[in-house]
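# Understanding the architecture of this molecule
The primary structure of each chain is shown beneath.
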Amino acid sequence: MELRQLEHFVAVAEEQHFTRAAERLSVSQSGLSASVRALEQELRTPLFSRTTRSVRLTEAGRALLVEAERTLAGARAARDAVDAVRGLLRGTLTVGVEQCVAGVSPARLLAAFHREHPQMELRLRQEGTSSLLDGVAGGRLDLAFAATVAPAEWRGELVPLAREPMVLLCAAGHPLAGRAEVAWEELPGASFIDFHPDWGPRRAADEAFAAAGVRRTVGLEVNDVHSLLELVQEGLGIAVVPHHFSRKPEAARLVAVGLAGAHRAVYESVAVLPGARSLSPGARSLMRLVREEPEREGSVQEEPVREEPVRENPVREESVRAQP
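Only a predicted model underlies this, so the values are computations on that prediction, with no experimental measurement involved.

Among the seven residues of strand β11 (residues 254–260), six are classified as buried, and the element is accordingly described as predominantly covered. When strand β6 (residues 157–171) meets β11, the two strands line up antiparallel, connected through four bridges. When the sheet's bridge partners are listed, Leu168 is paired in β11 with Val257. In this structure, strand β7 (residues 181–183) lies alongside β11, joined through three bridges in parallel fashion. Looking at the pairing, Glu181 lines up with Gly258 of β11.

Structure follows, in structure tokens:
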């Protein structure tokens, strides 16, 4: 079994298509098919279920995919370690990120990294928290910036980035828009707009409602913050989101209302690392840049939320400084 065979297998598994996988790897489709067939013959079992329209992993293929990703990640780490000893950072750094994660600006961070290490190829994957955890654990991602997770979910290292309150966003004409705060017990029956369950803000909101003992129904689910803000603006529902969402230009005509009660809803973001021993040289260099940012100096501390003149009801809570 060769590393190239595993690379071919993983590409087909991810693309679910031989032609697309061949284009991605810049190899001929016939050569790719022959490589996968040779691997199947060596393992004495089919790895893919093939039809004229689709390519799907068999049970054996799914089992191999986990180990293949780990093996390829280990091989990349070995090459990167040798380059680091030689004073070079080459290869690929693959970073995962939740959309609108607080406490770090991925674009600015990656730009700074590229200036320091122009010979490294950068790859960015935007996914939900659960997918990011799987990516770091399986070696598909070198590190990720995500919403905080429970210790039971992750055995690697978690570096705190930011901590801020959750707030309720509504249109200016909504009945709650004239309130400074709203209690959790007043929210059952309301129409909610939120992200799909894998996204960090949705996880934080679900946990907050569960802790308050309040059931809710999310009628409209979206995959991006801009759609969420637009739907709220049109009066199709309300949303419980991290406070920095309310500072986006698209939220200028929305009202942020504080959430009152014994349970204080908080959104936290973290850097997800596989552990000090398996952190690649590129990932270590990127984390150095994270820690050198002015707002990353020292421990995560809370500061008052600045009042915003465009809001009729500024939130009277505290938050960690967060990147919009």
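For the structure shown, the criterion picks out 15 salt bridges. Here Arg202 ties to Asp206 by a salt bridge, and the two come within 3.0 Å at their closest N and O atoms. Here Arg202 and its partner Asp206 are both found in helix α7 (residues 200–212), four residues apart, which amounts to about one turn of the helix. Residue Arg202 is classed as buried on the basis of its relative accessible area of 9%. Its relative accessible area of 30% is what places Asp206 among the partly exposed residues. Across the pair Arg288 and Glu292 runs a salt bridge, and its minimum N-O distance is 3.2 Å. One end of the pair is Arg288 and the other is Glu292, both in helix α9 (residues 281–292) and four residues apart, which spans about a single turn. Residue classification places Arg288 among the partly exposed positions, given a relative accessible area of 33%. Using a relative accessible area of 47% as the deciding quantity, one classes Glu292 as partly exposed. Linked by salt bridges that have partners in common, Asp194, Arg202, Asp206, Arg216 and Glu221 make up one network.

Look at helix α2 (residues 18–25) against helix α3 (residues 29–43): their axes get within 9 Å of each other, and the N-to-C directions meet at 105 degrees. When the axes of α2 and α3 are compared, the pair comes out roughly perpendicular. Packed against α2, whose contacting residues are Phe18, Thr19, Ala21, Ala22 and Leu25, the element α3 presents Gln29, Leu32, Ser33 and Val36 at the interface. Considering only residue class, the contact of α2 with α3 consists of six nonpolar, three polar and no charged.

On to the nonpolar core. By size, the foremost hydrophobic cluster in this structure holds 47 residues, and its most contacted members are Leu143, Phe145, Leu168, Leu187 and Leu286. Among the secondary structure elements, those contributing two or more residues to this core are β3 (92–97), α5 (106–116), β5 (143–147), β6, α7, β11, β12 (266–273) and α9. Counting residues per element, this core draws most heavily on β6, which supplies six residues. Counting residues in each nonpolar core, the second largest holds 19 residues, with Phe9, Val12, Ala13 and Ala21 among its members.

The rules behind each value
- Residues numbered from 1 in each chain as written.
- Predicted model: local features only at pLDDT ≥ 70, side-chain atom pairs only at ≥ 80, totals over all residues.
- Heavy atoms only, no water.
- Buried < 20%, exposed > 50% of the residue type's maximum accessible area, 1.4 Å probe, protein only.
- Helix = DSSP H or I, 4+ residues; strand = E, 2+ residues; numbered from the N terminus.
- Pairing = 2+ DSSP bridges.
- Salt bridge = Lys/Arg side-chain N within 4 Å of Asp/Glu carboxyl O.
- Axes fitted to C-alpha atoms, helices over the stretch in contact; angles between N-to-C directions.
- Parallel < 35°, antiparallel > 145°, perpendicular 65-115°, else oblique.
- Contact = heavy atoms within 4.5 Å.
- Nonpolar A, V, L, I, M, F, W, Y, C, P; charged D, E, K, R; others polar.
- Core = buried A, V, L, I, M, F, W, Y, C linked by side-chain atoms within 4.5 Å.

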